[in-house]
Amino acid sequence: MKNFSYRGSPARIVFGSGRSADAAKEIEALACKRALVLATPHQKADAEALAVRLGALSVGVFAGAVMHTPVEVTEAALHVVSESRADCVVSLGGGSTTGLGKAIAYRTDLPQIVIPTTYAGSEVTPILGQTEAGRKTTVRHDRILPEVVIYDPDLTLGLPVAMSVTSGLNAMAHAVEGLYAQDRNPVSTLMAVEGLRAFAESLPTLVKSPHDGQARADALYGAWLCGTVLGAVGMALHHKICHTLGGSFDTPHAETHAVMLPHTAAFNAEAAREELVPAAQIFGGSIGGGLWDFAKAIGAPLSLRDFGLTEADLDRAAAIATENPYWNPRPIDQASIRTLLQQAWEGVRPD
Ligand code: NAD
């Protein structure tokens with residue numbers, strides 16, 4: 001066994017159908033009395049209903065969360081936090097809402113309870129990505145890690161199939177990169193393999209039966225595991241490329257992960273052969289081709305071209321993604337990344 005360091009996440013995880021009803025109990029367990037419920041405009045009604053259920057424990061709703069956590073939105077939310085004298089936040093939604101809760105906690109140290117409704121995995125990481133003047137920066141800090149996460153699969157029953165597929169592949173990308181992370185440990189590897197297995201079994205069922213409660217629970221369980229891997233170990237080429245495409249070309253977050261994953265996995269397949277064996281076995285032997293077949297079978301987007309990128313954009317993306325050196329199992333150079341992007345742009349099956 002190789003040498004490793006391991007640090008357990010101090011977050012409390014509550015999992016199960018109907019468990020979002022425990023939100024009041026969890027607020028009280030944190031010794032809090034005045035929760036501000038956060039959501040996107042799209043999930044405002046759900047947030048208001050939650051605030052009503054919390055009764056005297058809630059001071060209201062801020063439903064202005066948007067993608068990429070713009071600092072202006074955080075400042076508007078901080079104003080509401082201060083006016084309402086909130087002593088904790090409850091984030092109900094996907095990664096965008098979780099991001100706003102984290103941005104508030106980073107600045108105020110208020111405790112966070114997150115009730116995730118997608119598979120993005122942000123709720124179990126101490127990482128915050130935020131944008132200011134069009135630039136996205138990332139911070140990692142213990143204050144950012146939410147104190148409590150309530151995973152209630154009932155709240156994901158209505159997650160549209162297309163979003164379930166791309167959000168699931170987004171989570172799976174955390175696990176695939178976690179398998180070959182330089183700082184991986186035996187626990188992160190166990191979680192990554194189990195998370196991939198959970199999604200490999202649940203996503204095909206969800207595509208056919210979106211309201212299947214068992215498949216929804218399995219997918220959310222996979223999201224917890226894959227998200228925890230993201231929070232625990234370093235990511236490499238795949239996350240770097242998705243960050244580049246989202247940050248510089250405004251491609252959609254989960255969809256970009258979905259398109260890129262088979263290609264980045266294929267790129268690293270030889271260099272990280274041994275580490276990727278358990279994942280390759282789940283997807284039929286060849287990690288890149290197997291993930292591509294899986295993604296195609298569940299109706300995932302397969303081509304960067306569909307996001308409006310041009311071939312000239314690929315030249316620029318390859319340059320940006322290679323301008324600063326970072327660790328990856330296979331050494332990176334601009335020409336090989338350009339070839340990788342071309343394949344993802346065309347949507348061809350990687351070898
Ligand atoms: P999202 O939170 O932006 O949600 C997309 C839309 O779907 C929103 O309108 C949302 O209200 C809606 N939605 C969410 N759940 C729904 C449900 N169950 N039913 C119907 N509609 C629903 O999307 P996301 O993919 O979850 O999050 C993406 C963001 O999260 C990005 O900004 C990304 O950078 C961030 N992220 C951060 C980390 C981290 O560790 N910091 C990890 C993963 C993702």
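Residues numbered from 1 in each chain as written. Predicted model: local features only at pLDDT ≥ 70, side-chain atom pairs only at ≥ 80, totals over all residues. Heavy atoms only, no water.

**What to know about the pattern of salt bridges**
Pairing between side chains of opposite charge can happen when the charged atoms of each approach one another. Tallied over the entire structure, the rule returns eleven salt bridges. Among the salt bridges present, the one from Asp22 reaches Arg19, with a minimum N-O distance of 2.7 Å. Residue classification places Asp22 among the buried residues on the basis of a relative accessible area of 12%. Here Arg19 falls in the partly exposed class, since its relative accessible area comes to 29%. (Salt bridge = Lys/Arg side-chain N within 4 Å of Asp/Glu carboxyl O. Buried < 20%, exposed > 50% of the residue type's maximum accessible area, 1.4 Å probe, protein only.)

**Topic: the sheet that holds strand β1 (residues 12-15)**
Sheet architecture is open: six strands sit in the order β1-β8-β5-β4-β2-β3, paired in parallel fashion. A strand with exactly one partner marks an edge of an open sheet, and here the two such strands are β1 and β3 (58-62). Strand-to-strand twist in this sheet, taken as the mean axis angle between neighbours without regard to direction, amounts to 15 degrees. Pairing of strand β4 (residues 88-93) with strand β5 (residues 112-116) involves five bridges; the strand directions are parallel. (Pairing = 2+ DSSP bridges. Helix = DSSP H or I, 4+ residues; strand = E, 2+ residues; numbered from the N terminus. Axes fitted to C-alpha atoms, helices over the stretch in contact; angles between N-to-C directions.)

**Regarding the layout of surface pockets**
Summary: where empty space remains is shown by rolling a probe the size of a single water molecule over the atoms. A volume near 540 Å³ is recorded for the second largest pocket. Residue lining of the second largest pocket: 28 residues in total, with Arg7, Gly8, Ser9, Gly231 and Ala232 positioned closest to the centre. Of all the secondary structure elements, the ones that give two or more residues to the lining of the second largest pocket are α6 (186-208) and α7 (213-232). The element that contributes the greatest number of residues to the lining of the second largest pocket is α7, accounting for four residues. (1 Å grid on protein atoms, 1.4 Å probe; cavity = no way out; pocket = protein on both sides within 12 Å on 5 of 7 lines; lining within 4 Å. Points joined across faces, edges and corners; volume = space filled by probe spheres on them.)

**Points about the packing of α6 against α7**
α7 packs onto α6 with a crossing angle of 150 degrees between their chain directions and a minimal axis gap of 8 Å. By the angle class used here, α6 and α7 are roughly antiparallel. When you trace α6 past α7, the crossing you get is left-handed. Between α6 and α7, the residues in contact are Ser188, Met191, Ala192, Glu194, Gly195, Leu196, Arg197, Ala198, Phe199, Ser202, Thr205 and Leu206 and Ala215, Arg216, Asp218, Ala219, Tyr221, Gly222, Ala223, Trp224, Leu225, Cys226, Thr228 and Val229, respectively. Residue composition of the contact of α6 with α7, grouped by class: 14 nonpolar, six polar and four charged. (Parallel < 35°, antiparallel > 145°, perpendicular 65-115°, else oblique. Left-handed = near helix turned anticlockwise from the far one by under 90°. Contact = heavy atoms within 4.5 Å. Nonpolar A, V, L, I, M, F, W, Y, C, P; charged D, E, K, R; others polar.)

As far as function goes, none of this settles anything; it's purely spatial.
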